[in-house]
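Remarks on the overall topology
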Amino acid sequence: MDDECVQPQALRRQPAQRRSARRVERMLDACAELLDEMGYEALSTTRIAERAGVAIGSVYQFFPDKRAITQELTRRNVEEFVRRVDRTFLEEDYHGWWEAVDAIIDIYVDMHRTVAGFRSLRFGDAVDLNLLDSDSDNNMVIAGRLRGLCLKEFGLADGAELDLAVMVAVEAGDAVLKLAFRHDPGGEPELVEAAKELIRSFLARRLRSWSPLEKTR
């Protein structure tokens with residue numbers, strides 16, 4: 001799962017020293033905590049600086065505004081999501097894409113429950129649908145990553161059919177998972193399972209060349 005469809009970082013400049021890098025991470029952690037506590041509208045660079053324990057000048061040294069900080073936090077969320085998916089695929093042996101779908105959703109749900117700022121921001125959709133790429137909305141970026149995974153791990157045929165199938169699966173799954181967390185911080189289990197069933201069922205119909213239905217015949 002490469003980074004080719006994600007733009008360069010929102011940082012004004014890369015921290016040159018370990019101490020500066022740790023300071024930037026504290027800013028991102030502070031941003032994540034404040035997003036969960038008060039939401040994006042109430043977020044400010046001043047509040048981020050106070051929570052991170054840094055001077056406001058240190059914030060502006062690396063970020064022009066709160067949107068840039070949020071964009072960088074979104075990028076960190078995506079990178080962590082990708083790392084977890086990659087690690088899972090290295091450690092587990094899946095029989096097919098349908099098992100991979102469940103694993104990917106489980107990772108998403110776990111991050112929603114345990115990673116500060118994730119439930120407020122997810123992949124940036126709560127703030128800006130084009131945070132990850134100015135030309136593609138965030139779900140399209142995620143779909144591109146998952147499409148690459150399908151090609152690499154399961155040898156699915158490349159083409160417009162796969163593009164459409166993955167894009168619809170991501171959009172539909174995202175909508176149901178948002179619903180699952182709308183009133184339950186832990187995610188309503190029935191709706192999480194419904195998201196899995198919806199994606200598996202749709203992809204099984206669209207990707208008939210290798211589906212759990214055909215495997216059992």
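Everything below is about the structure printed above this text.
Since the model is a prediction, treat every value here as computed from it, not as a measurement.

Considering helix α8 (residues 160–182)
Residues lying three or four places apart along an α-helix face the same way, a consequence of the helix completing one turn every 3.6 residues. Compared with an ideal rise of 1.5 Å per residue, which puts 23 residues at 33 Å, α8 spans 33 Å between its outermost C-alpha atoms and is within 8% of the ideal. Among all positions of α8, only Leu-162, Ala-165, Val-166, Met-167, Ala-169, Val-170, Gly-173, Asp-174, Val-176, Leu-177, Ala-180 and Phe-181 are buried.

So, a positive patch on the surface
On the surface, Arg-18, Arg-19, Arg-22 and Arg-26 cluster together into a patch of positive charge. Among the structural elements, Arg-18 can be located in helix α1 (residues 18–38).

Some points on the packing of aromatic side chains
A full pass over the atoms with the stated rule returns 1 aromatic pair. Both rings, one in Tyr-108 and one in Phe-118, keep their centres 5.6 Å apart while their planes meet at 75°; by these two values the pair is edge-to-face. Remark: Phe-118 occurs in helix α6 (residues 118–121) and Tyr-108 occurs in helix α5 (residues 97–114); sequence separation between them is 10 residues. Side by side, Tyr-108 and Phe-118 carry an identical accessibility label, which is buried.

Some remarks on the packing of α5 against α8
One way to put it is that α5 packs onto α8 with a least axis distance of 12 Å and a crossing angle of 35°. Note that α5 runs across α8; the crossing there is right-handed. Seen from α5, the contacting residues are Ile-105, Tyr-108, Val-109, His-112 and Arg-113; seen from α8, they are Asp-174, Leu-177 and Phe-181. Grouping the amino acids of the contact of α5 with α8 by side-chain chemistry returns 5 nonpolar, 1 polar and 2 charged.

Some thoughts on α5
Here α5 spans 25 Å end to end across 18 residues, near enough to the 26 Å set by a 1.5 Å rise per residue. Among the residues of α5, those classed as buried are Trp-97, Trp-98, Ala-100, Val-101, Ala-103, Ile-104, Ile-105, Ile-107, Tyr-108, Val-109, Met-111 and His-112.

Conventions used here
Residues numbered from 1 in each chain as written. Predicted model: local features only at pLDDT ≥ 70, side-chain atom pairs only at ≥ 80, totals over all residues. Heavy atoms only, no water. Helix = DSSP H or I, 4+ residues; strand = E, 2+ residues; numbered from the N terminus. Expected span 1.5 Å × (residues − 1). Buried < 20%, exposed > 50% of the residue type's maximum accessible area, 1.4 Å probe, protein only. Patch = residues over 30% accessible without salt bridge, like charges linked within 9 Å, V, L, I, M, F, W, Y side chains within 5 Å. Areas by Shrake-Rupley, 256 points an atom, 1.4 Å probe, with all protein chains shown as cover. Salt bridge = Lys/Arg side-chain N within 4 Å of Asp/Glu carboxyl O. Lys, Arg positive; Asp, Glu negative; His and termini not counted. Charge placed at Lys NZ, Arg CZ, Asp CG, Glu CD. Phe/Tyr/Trp six-rings, centres within 6.5 Å; stacked < 30°, edge-to-face > 60°. Axes fitted to C-alpha atoms, helices over the stretch in contact; angles between N-to-C directions. Left-handed = near helix turned anticlockwise from the far one by under 90°. Contact = heavy atoms within 4.5 Å. Nonpolar A, V, L, I, M, F, W, Y, C, P; charged D, E, K, R; others polar.

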